Amino acid sequence: MKIDHSLPLEYSTKQNGLNIFGFWVFLAAEIMLFATLFTSYFTLEHRVGNGPSGAEIFEMTPVLIETLVLLTSSFTIGLGIHAMRIGRKKAMLTFFVITLLLGLVFLGFEIDEFITYIHEGATLQTSAFTAILMTTLGTHGAHVSFGFFWGASIIIQIKKWGLTPEAANKSFIFSLYWHFLDVVWIFIFSFIYLKGMM
């Protein structure tokens, strides 16, 4: 395997470059998935039937905390990648751990939010609005959950085998995934929560 030391570690082999390109293609498919969910949401958001509307169940404080936590995790994963590029393995792992812990905090708030909605009568079966709301939020939450386990496996791999070109490649691709989830959340915050509270 030929390593090009003039490139960042995550791009240092031809295979690594292809892996990153392939992941961008995968993200394009993910964008289509969430675009479909958002389109469905905008179509169904006023079909509340006998159930509650967004204005009745959305609470600004927990949503703001979720947003702050997830955006902070985007910052820490960026710091982790920077540390990786300058060869600071311990700092990189620390920032990755912080990122995953923030991801867990986010998921805790989201689970609590789902429980609150269910107690207020907003379930998958209540109305078209609550069904698409739960589906959209649940899909994003499932992606964050998957990201947590993916990130944890990368941390374990780097602790065991060191910061190899392959591990750097996986770490960078993971950071792209995590940033993508943060961008999706900004759309959820803006077009579901803020719009729904008006």
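Please refer to the structure placed before this passage.
Our subject in this report is the structure included herewith. (Residues numbered from 1 in each chain as written. Predicted model: local features only at pLDDT ≥ 70, side-chain atom pairs only at ≥ 80, totals over all residues. Heavy atoms only, no water.)

### Observations regarding the overall build of the protein
Of regular secondary structure, the protein possesses six helices and zero strands. Written out in order from the N terminus, the α and β elements of the protein read α-α-α-α-α-α. Here the C-alpha coordinates of the protein stretch approximately 65 × 30 × 25 Å along the principal axes. Considering the protein as a whole, with its 198 residues, one finds that 45% of them fall into the buried category. Carbon and sulfur atoms make up 70% of the accessible area of the protein, which amounts to about 10100 Å² in all. Within the protein, the 13 negative side-chain charges are centred at a point lying 19 Å from the centre of the 11 positive side-chain charges. (Helix = DSSP H or I, 4+ residues; strand = E, 2+ residues; numbered from the N terminus. Buried < 20%, exposed > 50% of the residue type's maximum accessible area, 1.4 Å probe, protein only. Areas by Shrake-Rupley, 256 points an atom, 1.4 Å probe, with all protein chains shown as cover. Lys, Arg positive; Asp, Glu negative; His and termini not counted. Charge placed at Lys NZ, Arg CZ, Asp CG, Glu CD.)

### Remarks on the packing of helix 3 (residues 60-85) against helix 4 (residues 89-119)
How two helices sit against one another is set out by the angle between their axes and by the gap between those axes. Packing of helix 3 against helix 4 brings their axes to within 8 Å, and their N-to-C directions diverge by 165°. Overall, the two elements helix 3 and helix 4 adopt an arrangement that is roughly antiparallel. Crossing of helix 3 against helix 4: the hand is left-handed. Of the residues in the contact of helix 3 with helix 4, the class split is 19 nonpolar, five polar and three charged. (Axes fitted to C-alpha atoms, helices over the stretch in contact; angles between N-to-C directions. Parallel < 35°, antiparallel > 145°, perpendicular 65-115°, else oblique. Left-handed = near helix turned anticlockwise from the far one by under 90°. Nonpolar A, V, L, I, M, F, W, Y, C, P; charged D, E, K, R; others polar.)

### Quick look at helix 6 (residues 165-197)
Here helix 6 spans 47 Å end to end across 33 residues, near enough to the 48 Å set by a 1.5 Å rise per residue. If you look at helix 6, its biggest bend is around 30°, right at Phe189. (Expected span 1.5 Å × (residues − 1). Bend = angle between axes of the 7 residues up to and from the residue.)

### Notes on the pattern of salt bridges
Across all of its chains, the model carries one salt bridge by this definition. The shortest N-O distance in the salt bridge between Lys195 and Glu45 comes to 2.7 Å. Separated by 150 residues along the polypeptide, Lys195 in helix 6 and Glu45 in the loop between helix 1 (14-44) and helix 2 (54-57) bring together distant segments of the chain. By relative accessible area, which is 35% here, Lys195 ends up partly exposed. Residue class for Glu45 comes out buried when judged on its relative accessible area of 12%. (Salt bridge = Lys/Arg side-chain N within 4 Å of Asp/Glu carboxyl O.)

### A short note on the packing of aromatic side chains
Under the counting rule described, the total for this entry stands at 21 aromatic pairs. Judged by centre distance (5.4 Å) and plane angle (80°), the rings of Trp150 and Phe174 are edge-to-face. Separated by 24 residues along the polypeptide, Trp150 in helix 5 (residues 128-161) and Phe174 in helix 6 bring together distant segments of the chain. Assigned by exposure class, Trp150 and Phe174 land together as buried. Among the aromatic residues, ring-to-ring pairing joins Phe38, Tyr41, Phe42, Phe58, Phe106, Tyr117, Phe129, Trp185, Phe187, Phe191 and Tyr193 into one connected group. (Phe/Tyr/Trp six-rings, centres within 6.5 Å; stacked < 30°, edge-to-face > 60°.)

### Some points on helix 3
With 26 residues, helix 3 should reach 38 Å at 1.5 Å per residue; the first-to-last C-alpha distance of 38 Å fits that figure. Positive backbone phi, at 75°, marks Gly87, one or two positions downstream of helix 3.

### Things to note about the packing of helix 1 against helix 5
Taken N-terminus to C-terminus, the directions of helix 1 and helix 5 make an angle of 155°; their axes are 7 Å apart at the nearest point. The pairing of helix 1 with helix 5 is recorded here as roughly antiparallel in orientation. Our pair here, helix 1 against helix 5, has a crossing hand that is left-handed. Along the contact surface, helix 1 presents Phe23, Glu30, Leu33, Phe34, Leu37, Ser40, Tyr41 and Leu44, while helix 5 presents Ala128, Phe129, Ile132, Leu133, Thr135, Thr136, Thr139, His140, His143 and Trp150. For the contact of helix 1 with helix 5, a count of residues per class yields 11 nonpolar, six polar and one charged. (Contact = heavy atoms within 4.5 Å.)

So far we have only geometry, and geometry alone does not tell us how the molecule works.
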